[in-house]
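# Report on the structure
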Amino acid sequence: MLTKEENARLTLIDAGTPMGELMRRYWHPIAAVSQLDENPTKAVKLLGENLTLYRDRSGTLGLIGDRCPHRKVNMLYGIPEAEGLRCPYHGWLFNENGQCTEQPYEQAEDPNSNFKDKIHIQSYPVQQAGGLIFAYLGPQPAPELPRWDLLVWDNVYRDIGFCVIPCNWLQIMENSVDPVHAEWLHGVFANYVWERVGQPEKARRIPPHKKIGFDTYEYGIIKRRVLEGDTEENPNWKNGHPLVFPHLLKVGGFQWRIPMDNENTLHIWYYTYAAPQGTIVPKDEPIPLYEVPVPGADEHGVPRWDLLDFTAGQDIAMWYTQGRIADRSTETLGRSDKGLILYRRLLRENLEKVARGEDPMNVFRD
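Residues numbered from 1 in each chain as written. Predicted model: local features only at pLDDT ≥ 70, side-chain atom pairs only at ≥ 80, totals over all residues. Heavy atoms only, no water.

### Thoughts on the overall build of the protein chain
We count it as follows: Only DSSP runs of H or I reaching four residues or more are called helices, and only runs of E reaching two or more are called strands; each is numbered from the N terminus. Per-residue accessibility, obtained with a 1.4 Å probe over protein chains only, is compared with the maximum for each type, and a residue is labelled buried under 20%, exposed over 50%, and partly exposed between these values. A contact between two residues is defined here by any heavy atoms of the two lying within 4.5 Å. We count Lys and Arg on the positive side and Asp and Glu on the negative side, and we leave His and both chain ends out. Charge positions come from single atoms, namely NZ of Lys, CZ of Arg, CG of Asp or CD of Glu.
For the protein chain, the helix and strand inventory stands at ten helices and 19 strands. Referenced to the eigenvectors of the C-alpha coordinate spread, the extents of the protein chain come out at roughly 80 × 50 × 50 Å. Burial status across the protein chain gives 50% buried among its 366 residues. Taking all contacts inside the protein chain whose residues are at least 6 apart in sequence as the whole, residues at least 24 apart take part in 60%. Side-chain charges of the protein chain comprise 40 positive and 50 negative groups, with the mean position of each set lying 4 Å from the other.

### Re the nonpolar core
Across soluble globular proteins, nonpolar side chains have a tendency to be buried as a group. Filter applied, for reference: As used here, the term nonpolar core means buried Ala, Val, Leu, Ile, Met, Phe, Trp, Tyr and Cys residues forming a set that is joined through side-chain atoms within 4.5 Å.
In terms of nonpolar packing, the biggest core is built from 62 residues, with W256 and Y343 touching the most fellow members. It is helix α10 (residues 338–355) that provides the largest number of residues to this core, a total of seven residues. Beyond its immediate stretch of four places on either side in the chain, W256 contacts P29, L132, F134, L151, H247, L248, L266, H267, I268 and Y270. Membership of the second largest hydrophobic core comes to eleven residues, among which are C87, F94, C100 and I121.

### Some words on the pattern of salt bridges
Going by this rule: For this document, the term salt bridge refers to a Lys or Arg side-chain nitrogen within 4 Å of an Asp or Glu carboxyl oxygen.
In this structure the tally under the stated criterion is 24 salt bridges. Where K116 meets D117, a salt bridge forms, and the shortest distance between an N and an O atom there is 3.0 Å. On the accessibility criterion, K116 (18% relative accessible area) is buried. By relative accessible area, D117 is classed as partly exposed at 43%. A salt bridge links E232 to K211, with the nearest nitrogen and oxygen atoms 2.5 Å apart. Residue E232 is located in the loop between β14 (220–227) and α8 (235–238), and its partner K211 is located in strand β13 (residues 209–217); the two are separated by 21 residues in the primary sequence. One salt-bridge network, held together by shared partners, links E174, R328, E331 and R344.

### Concerning the sheet that holds strand β10 (residues 126–129)
Defined as follows: Here the rule is simple: two strands pair whenever DSSP picks up at least two bridges between them. Lines fitted to C-alpha atoms define the axes, with helix axes restricted to the stretch in contact, and inter-axis angles between N-to-C directions lie between 0 and 180 degrees.
The three strands lie next to each other as β1-β11-β10, forming an open sheet whose pairing is antiparallel. Strand pairing shows two members of the sheet lacking a second neighbour, β1 (27–32) and β10, which therefore form its edges. Each strand of the sheet is rotated relative to its neighbour by a mean of 35 degrees, with strand direction disregarded.

### Quick look at the state of the cysteines
Rule in force here: Throughout, disulfides are identified as pairs of cysteine sulfur atoms within 2.5 Å of each other.
Inspection of every chain in the model, using the stated rule, returns zero disulfides. The cysteine C87 is free of any disulfide, with C68 supplying the nearest cysteine sulfur at 3.8 Å. The thiol of C167 is not disulfide-bonded; the next cysteine sulfur, from C163, is found 9.5 Å away.

### Things to note about the packing of helix α7 (residues 181–196) against helix α9 (residues 311–320)
Definition in use: What sets the label is the angle itself: under 35 degrees gives roughly parallel, over 145 gives roughly antiparallel, 65 to 115 gives roughly perpendicular, and the rest give oblique. Two helices that cross are described as forming a left-handed crossing if the nearer one is turned anticlockwise from the farther one by less than a right angle, and a right-handed crossing if clockwise. Three classes are used, and their members are as follows: Ala, Val, Leu, Ile, Met, Phe, Trp, Tyr, Cys and Pro are nonpolar, Asp, Glu, Lys and Arg are charged, and the others, Gly among them, are polar.
Two elements in contact, α7 and α9, have axes whose closest approach is 11 Å; the angle formed by their N-to-C orientations is 110 degrees. One element, α7, and the other, α9, form an angle in the roughly perpendicular class. For the crossing formed where α7 meets α9, the hand is right-handed. Where α7 abuts α9, its residues H181, L185, H186, F189 and A190 lie against T311, Q314, D315 and M318. Among the residues making up the contact of α7 with α9, the classes are represented as four nonpolar, four polar and one charged.

### Quick word on the environment of I13
If you trace the backbone, I13 turns up in the loop between α1 (4–11) and α2 (18–23). Note on I13: relative accessible area 0%, which makes it buried. Sequence separation of I13 and G48 is 35 residues, and the distance between their C-alpha atoms is 7.1 Å. Each residue touching I13, except ones within four places of it in the same chain, is listed here: M19, G20, M23, R24, L47, G48, W169, P259, D261 and N262.

### Thoughts on the environment of P242
Along the chain, P242 falls in strand β15 (residues 241–244). Spatially, the C-alpha atom of P242 lies 9.4 Å from that of T216, the residues being 26 residues apart in sequence. Each residue touching P242, except ones within four places of it in the same chain, is listed here: Y217, I221, I222, L248, L249 and K250.

Worth remembering: the numbers are spatial, not functional.
Right, dumping it as structure tokens:
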């Protein structure tokens, strides 16, 4: 178990907190590029900050504070211009660097005024990769945006799923190094769900775990398992599944767990699919988006079993029912929890690196 103080140190991501400073050293996916096609502005909450993502009429992306510094109007309603986003209230215009470039009335009254040059709105750099938009909220100079394999593969189809999960990011990430839950949550419990929804014929058996193991490697942690009937030559053990520090799991596709604030997490599922032989996937191939529902109970307090008949729904229910921020001061860990103990140790080591002024794991400068 952790003390309440240590639990807070590993979970809270506000600016100035140890974990908040660590998380600000990374690029975080915040939206799909296509989400700005129909509406060129989007509200974003990242690491406790309320922001406005936009695309201006020249195609330039910007991520700025959500309130105009003039009269605090929400910039979600801003008007995209050829260069920048204009506040709808009095027309002040801001570019992607947060610089105010126009103040119509002030400049009309005094053409020589330099007032606009003194006005800035909070801004952060953004980049595109693989159909996603990434943001960096940390100190300058910004590191390189990692080009992880699935983001840059050519000639593949992609899809992207989103869900806002009402709990802290850490209890979601700890699931990434908890292989034993699969045989129970996605086996025994899943079969019970099929029974509840009247489809017992879909029941399946996941073999029990005979051995689990974890190794740290260049980019994080490799999770390994041997199931009943398998050997260590099986890919589940020989290759394993990587947790890419600090908040990315690769199992088939990518799963990012991005802290919006202390009690809400943006979960992104990102998958690629090989094109049939002889097929060329256009560079501008549309990427389908889908929203994953948060399972809960109906108005009578009965679980929505129909939202628990798939793996992600089962996981989400386990994550957020631990509480908005799990109280690890009362937990009871066992042998199946060696992976999350290792992950917590890796978090502490990288918190200490940042405190010493060093780059943490997976911050790349070239």
